[in-house]
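Remarks on the overall topology
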Amino acid sequence: MFRRETLEEIENRLKEWEKLVQEETKIIPEREKEFRTLSGIPVKRVYTPLDIKDKDYMRDLGLPGEYPFTRGIHTTMYRARFWTMRQFSGYGGPEETNRRLKYLLKHGETGLSLAFDFPTIMGLDSDHPLAHGEVGVCGVAVDTLKDMEIIFDGIPMDKVTTNMTINHPATVLLAMYIAAAEKQGVPPTKIGGTTQNDPLKEFIAQKSYVFPPEPAVKLAIDIIEYCTKHVPKWNPISISGYHIREAGATAVQELAFTLADGITYVKQAIERGMDVDQFAPRLSFFFAAHIDFFEEIAKFRAARRMWAKIMKEWFGAKKPRSMWMRFHVQTSGVSLTAQQPENNIVRVAIEALAAVLGGCQSLHTNSMDEAWALPSEKAVKIALRTQQVIAYETGVANTVDPLAGSYYVEWLTDKIEEEAWKYIDRIESMGGMIEAIKKGFPQREIADSAYRFQKEVEEGKRIIVGVNAFVDEDEKLEIPLLRVDPEIEKRQIERLKRIKKERDNSKVQQRLAELRRAAERGENVMPYILNAVKVYATLGEIMDTLKEVYGEYKEPILF
Amino acid sequence: MAEGDIEFVERIAEGVLRGDVRSIARAISIVENEPRLAPLLISKIFPYTGRAHIVGVTGPPGSGKSSLIAKLAKIWRKDGKKIGIIAVDPTSPFTGGALLGDRIRMQELTGDKDVYIRSMASRGSLDGLSRATRDAIKILDAAGKDIIIVETVGAGQAEVGIVKVAHTVLVVLCPGLGDEIQFLKAGIMEIGDIFVVNKADIGDADRVVLEIENILEMASEFLPQKPAWAPLVIKTSVITNEGIEKLVRSIEEHYAYIRGTSEGEFVRDKIIEELVDIIGENVREYARHLITKDSMCNEILERVLKKDIDPYTAARKILAEMLKRREF
Amino acid sequence: MGEEKKEERKIRVLIAKPGLNGHDRGAKVVARGLRDAGMEVIYTGLRQTPEQIVETAIQEDVDVVGLSILSGAHMTLLPKVVQLLRERGADDVLVIAGGIIPTEDIPKLKEAGIAEVFLPGAPISKIVEFIKKNVRKRR
């Protein structure tokens with residue numbers, strides 16, 4: 001991109017300049033001996049064309065909407081349409097959630113988002129002994145199709161799209177969603193939304209796993225295959241780095257492990273005989289936006305370029321859409337502090353700005369009190385307003401990828417990509433992500449990073465405002481009470497009992513037996529699960545049937 | 001030793017003999033932490049030891065030892081056997097702390113009153129088994145456990161200590177460890193009565209079986225006479241349960257074989273080893289005490305430092321001094 | 001000469017995660033931190049019932065039980081652990097908790113026998129210090 005003479009001139013001048021710097025730093029030394037990004041990448045004093053001298057504009061950057069999509073997947077990006085401002089919410093029983101969704105719809109939201117409680121996430125019914133105290137706490141409880149019917153009662157399911165944050169039991173919840181829509185007279189071709197359905201990151205980070213890796217991935221592919229054929233508007237999977245990052249990974253690890261997960265899913269789908277250009281356009285991603293501003297922007301740009309290369313060069317995708325990395329971003333939960341919570345508003349704003357400058361498709365901004373509770377209404381509103389200020393006031397959305405060409409940002413984009421490839425190569429040489437997970441590789445890498453970070457904070461090498469510096473001595477930490485009505489658990493268990501009594505139990509047994517046989521034969525289980533939920537088989541019953549065939553995952557011994 | 005101490009130890013010893021879980025747990029803490037009280041405790045329970053079948057399980061990290069032990073324990077529980085498990089993990093040489101995580105893989109056993117699991121840190125023992133571990137085995141034995149499983153981790157030298165205490169030693173390997181061959185060469189091949197190729201559900205377990213058999217065969221060629229018990233190689237999987245039942249029965253067979261042939265010798269050898277260890281430990285402690293605290297011995301040390309005399313001569317002088325004083 | 005030997009007593013800690021939540025970053029960071037402070041740390045893995053936690057604490061004869069919880073079920077699960085320990089006669093075990101716990105609940109938890117609650121941002125050095133100061137000489 002630069003003429004040789006220009007580069008030589010800079011190089012010569014830089015040598016002179018270094019001498020000057022040596023003199024000056026003798027008088028005023030720099031703040032640190034070595035500067036590093038949040039993820040530990042060493043950062044130089046200044047970046048120049050020399051740092052990106054090998055770049056080829058068309059090869060490495062291209063124009064927006066063109067391969068390798070470094071600058072964005074669309075030609076006009078936010079000049080056409082802002083990112084989707086999507087706020088994840090909901091808890092309680094199906095009735096409370098139904099009221100909440102209706103309220104949101106009345107206020108113009110069409111993108112709904114369902115969070116499930118821990119028993120549901122683990123595929124347990126509300127009356128399971130381990131569910132006690134957790135029913136409806138961190139999301140809505142769903143045991144049977146009946147609960148899904150209540151959640152969407154009076155909501156036209158062909159008019160809304162729904163995000164469901166569910167992984168190992170995703171087949172069951174999707175089946176319930178399809179069945180509930182059919183009861184409204186809405187065919188599967190008319191429903192839209194997303195199932196997170198990313199089982200691998202559960203082993204790596206989130207740890208809400210049920211099945212061992214192979215069957216877990218098999219189920220995820222079942223959804224991809226089923227949706228490609230029958231639910232064309234559904235995004236079957238959201239390959240998630242967010243949880244990996246939150247568990248303590250660096251930006252490079254987040255990127256590398258997420259892509260490695262994505263590679264696994266694509267490989268398996270192709271192995272099943274699916275055409276890459278048929279399913280790839282519906283794959284989507286989910287990343288975190290942490291507090292190191294430029295590093296995050298570089299990460300998003302590197303992610304797009306890497307995925308495009310992977311899809312085109314590894315998997316022979318032909319359609320540009322198959323090479324698009326569409327991603328949702330959520331600002332970092334772990335960067336929020338319980339101390340001086342108002343400071344979190346500032347953190348969220350900076351992180352959200354990074355997501356926008358990184359070219360995200362949708363964005364969730366955390367609320368300032370989200371570090372420790374379900375957010376208050378006021379806090380949620382400020383979080384949403386933060387996005388609106390960025391969109392409407394700052395002007396950053398007026399041009400596409402405004403930071404392209406910054407010597408630092410381009411260098412950092414390359415650096416992150418280079419480091420991420422190293423991880424991906426290593427995982428590939430282990431035999432892929434599933435094998436790496438079995439060896440505990442990504443888990444150990446993340447635990448190491450998390451511990452290193454904690455030590456740096458405790459040794460004062462990393463400053464967190466309000467926590468280990470600028471502390472308000474007399475501040476008393478006030479974590480507000482999360483009120484969960486114990487009636488919800490009781491009501492949920494009563495309803496479950498009633499349904500189990502009233503439904504046709506011989507039919508339930510028959511359909512579960514059919515499901516078991518299909519699972520044993522290795523068939524796509526989606527149609528069988530759909531049949532089972534329609535006769536009100538419970539989430540727990542279906543999951544237990546699958547556990548009998550697939551077994552259960554046990555955590556490896558890792559710290 | 002104070003009156004209260006004696007009473008306390010006696011109470012704990014009685015509890016151990018009753019099989020009381022808290023007493024067993026406390027007793028093990030005593031042998032780990034209170035060298036003053038441990039001899040008294042052991043003297044109270046020693047007559048009741050010698051009834052349990054002690055099974056050592058060793059092998060490199062990641063070979064699935066803990067999950068395998070959980071499986072074995074489950075089968076033995078069905079046979080009505082009472083089980084004790086001691087899982088030894090290394091102590092960090094830098095901090096003296098330890099992370100003990102083997103229980104994670106044995107969660108399914110928690111809640112069974114007749115299974116007792118104890119995690120122990122190696123605390124700097126050279127052969128992977130500290131004196132405390134050996135005493136813990138005695139405690140579980142006296143508490144009426146029928147089978148005591150001792151899990152040690154490591155490669156090379158660290159696990160040979162297991163041979164000194166276990167009737168039956170399992171060496172657990174698995175496919176895909178990468179450097180299993182090196183591991184096999186590291187001297188562990190001599191200690192196994194049964195070689196387990198675990199995780200037969202993944203990777204090329206048959207190849208590992210073949211490798212082990214080859215090495216065993218080569219080793220046996222150098223032996224003056226064929227041993228009566230030829231080491232077995234068994235493939236297992238805790239996912240599919242392949243080989244688990246067979247392994248259990250083989251372990252029992254080996255025990256029957258030991259009892260039928262050489263148990264007297266085994267017990268004798270074990271006690272000789274233990275006596276030598278205890279005496280050695282006492283002598284070492286006393287030697288260290290004299291060299292660092294006693295003025296005369298200290299002088300000898302200084303002379304070595306000045307290269308006046310050599311270490312062998314110095315050691316002879318100090319040993320003579322130790323024998324003269326007869327203080328240990 | 002037995003007196004020569006130092007009575008070296010290592011602090012044994014059980015780190016447990018009751019409840020369904022799988023976020024184990026905190027539990028594992030604390031486990032490592034306590035190890036680096038010279039303690040012997042037993043980790044039980046995820047999703048343990050209070051009964052399992054107490055059974056493990058008894059078998060392992062630990063001095064401290066550290067409970068990490070973020071799922072909001074702390075008022076159901078934490079007092080249960082203390083109660084079960086008492087029932088088994090192990091009321092000399094120091095029980096501490098960490099995680100996302102509303103301030104309002106802390107006095108209630110302390111009343112129920114939880115010795116200390118560590119909120120987000122608490123440095124490990126504080127936890128180490130608390131354990132060393134409060135661990136009971138047990139017999």
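Residues numbered from 1 in each chain as written. Chains lettered and ligands numbered in written order. Predicted model: local features only at pLDDT ≥ 70, side-chain atom pairs only at ≥ 80, totals over all residues. Heavy atoms only, no water.

**Comments concerning the sheet that holds strand 7 (residues 234-235) of chain A**
All names here are of chain A. The parallel open sheet is built from four strands, whose spatial order is 4-5-6-7. Strands with a single pairing partner mark the edges of an open sheet, and in this sheet they are strand 4 (111-114) and strand 7. Here strand 4 pairs with strand 5 (residues 161-164) via four bridges, running parallel. Bridging from a neighbouring strand, G111 pairs with T161 of strand 5. Contacting strand 5, strand 6 (192-195) and strand 7, helix 6 (residues 170-183) runs over the sheet at an angle of about 160° to strand 5. (Pairing = 2+ DSSP bridges. Helix = DSSP H or I, 4+ residues; strand = E, 2+ residues; numbered from the N terminus. Contact = heavy atoms within 4.5 Å. Axes fitted to C-alpha atoms, helices over the stretch in contact; angles between N-to-C directions.)

**Observations regarding the domain arrangement of chain B**
Residues and elements named next belong to chain B. You can read the domains of chain B as domain 1 (1-48), domain 2 (50-261) and domain 3 (273-325). Across the boundary between the two partners, domain 2 contributes five residues, which contact five residues of domain 3. Between domain 2 and domain 3, a total of about 460 Å² is buried, with carbon and sulfur atoms accounting for 40% of that surface. In terms of surface lost to domain 3, no three residues of domain 2 exceed R131, R134 and K164, which account for 85% of the buried area on that side. Counting across the interface, domain 2 meets domain 3 through three salt bridges. Note that E281 is salt-bridged to R131, the shortest N-O span being 2.8 Å. In this structure, the connection of domain 2 to domain 3 is made through three residue pairs in polar contact (both at pLDDT 80 or more). With four residues, the single largest contributor to the side of domain 2 that touches domain 3 is helix 5 (residues 131-142). Classifying every residue of the side of domain 2 that touches domain 3 by side-chain character gives no nonpolar, no polar and five charged. (Domains from an automatic or database assignment. Buried area = accessible area lost by both parts, 1.4 Å probe. Salt bridge = Lys/Arg side-chain N within 4 Å of Asp/Glu carboxyl O. Polar contact = N/O pair within 3.5 Å; in protein donor to acceptor, adjacent residues only side chain to side chain. Nonpolar A, V, L, I, M, F, W, Y, C, P; charged D, E, K, R; others polar.)

**Focus on the interface of chain C and chain A**
Between chain C and chain A, the contact holds 36 residues from the first and 44 residues from the second. Across the interface of chain C and chain A, roughly 3,200 Å² is buried in total on both sides, 58% from carbon and sulfur atoms. It is L20, R25 and R32 of chain C that lose the most area in chain C upon contact with chain A, and together they represent 25% of the buried surface on that side. Our count for the contact surface shared by chain C and chain A stands at two salt bridges. In this structure, K207 of chain A and D24 of chain C form a salt bridge, with 2.9 Å as the shortest nitrogen-oxygen distance.

**Some words on the confidence of the model for chain C**
All names here are of chain C. Looking at chain C as a whole, the pLDDT averages 87, with 92% of positions reaching at least 70. Confidence scores differ between elements of chain C, with helix 1 (residues 25-36) showing the lowest mean pLDDT of 91 and strand 1 (residues 12-16) the highest of 96. For the stretch residues 1-7, pLDDT sits under 50, and the model shows 14 contacts to residues farther than four places along the chain or on other chains. On the interface metric, ipTM, the complex scores 0.88, and its pTM is 0.83. (pLDDT = per-residue confidence, 0-100.)

**Focus: the interface of chain C and chain B**
With 36 residues of chain C at the contact, the number on the chain B side is 41 residues. Here chain C packs against chain B, burying approximately 3,400 Å² in sum over the two surfaces, 47% of which is carbon and sulfur. In this structure, the connection of chain C to chain B is made through six salt bridges. Its salt-bridge partner being R118 of chain B, residue E60 of chain C comes within 4.0 Å of it at the nearest N-O pair. Inspection of the region where chain C meets chain B yields 21 residue pairs in polar contact (both at pLDDT 80 or more). Within the residue set of the side of chain C that touches chain B, elements represented by two or more residues are helix 1, strand 2 (40-43) and helix 2 (50-60) of chain C. No other element matches the six residues that helix 2 of chain C contributes to the side of chain C that touches chain B. Along the lines of polarity and charge, the residues of the side of chain C that touches chain B split into nine nonpolar, eight polar and 19 charged.

**Some thoughts on the packing of aromatic side chains**
Scanning all chains against the criterion turns up 29 aromatic pairs over all chains. Both rings, one in Y47 of chain A and one in W411 of chain A, keep their centres 4.7 Å apart while their planes meet at 35°; by these two values the pair is tilted. Taken together, the residues span a long stretch of sequence, with Y47 of chain A in the loop between strand 2 (42-43) and helix 2 (57-61) and W411 of chain A in helix 16 (residues 407-429) at a distance of 364 residues. Ring-pair connections join several aromatic residues into one group, and the members of that group are Y47, F293, F294, Y408 and W411 of chain A. The ring of Y67 of chain A has K312 of chain A lying over it, and the distance from NZ or CZ to the ring centre is 4.2 Å. Taking NZ or CZ as reference, R47 of chain C lies 5.4 Å from the ring centre of Y209 of chain A, over its face. (Phe/Tyr/Trp six-rings, centres within 6.5 Å; stacked < 30°, edge-to-face > 60°. Lys NZ or Arg CZ within 6 Å of the ring centre and 35° of its normal.)

**Digging into the sheet that holds strand 10 (residues 327-331) of chain A**
Residue and element names in this part refer to chain A. Pairing in this open sheet of five strands is parallel, and the strands run 3-11-10-9-8 from one edge to the other. Two strands close off the open sheet at either side, each with one partner strand: strand 3 (84-85) and strand 8 (237-240). As judged from the five bridges shared by strand 9 (residues 283-289) and strand 10, these two strands associate in the parallel manner. The residue bridging F286 from the neighbouring strand is H328, located in strand 10. Along the sheet, helix 14 (residues 343-357) makes contact with strand 9, strand 10 and strand 11 (362-364), crossing strand 10 at roughly 165°.

**What about the side chain of R511 of chain A?**
Residue and element names in this part refer to chain A. As for its placement among the helices and strands, R511 is situated in helix 20 (residues 505-521). Look at R511: it is buried, it has no salt bridge, and the nearest opposite charge is E514 at 4.8 Å. Among residues more than four places away in sequence, those in contact with R511 are N531, A532 and V535. (Buried < 20%, exposed > 50% of the residue type's maximum accessible area, 1.4 Å probe, protein only. Lys, Arg positive; Asp, Glu negative; His and termini not counted.)

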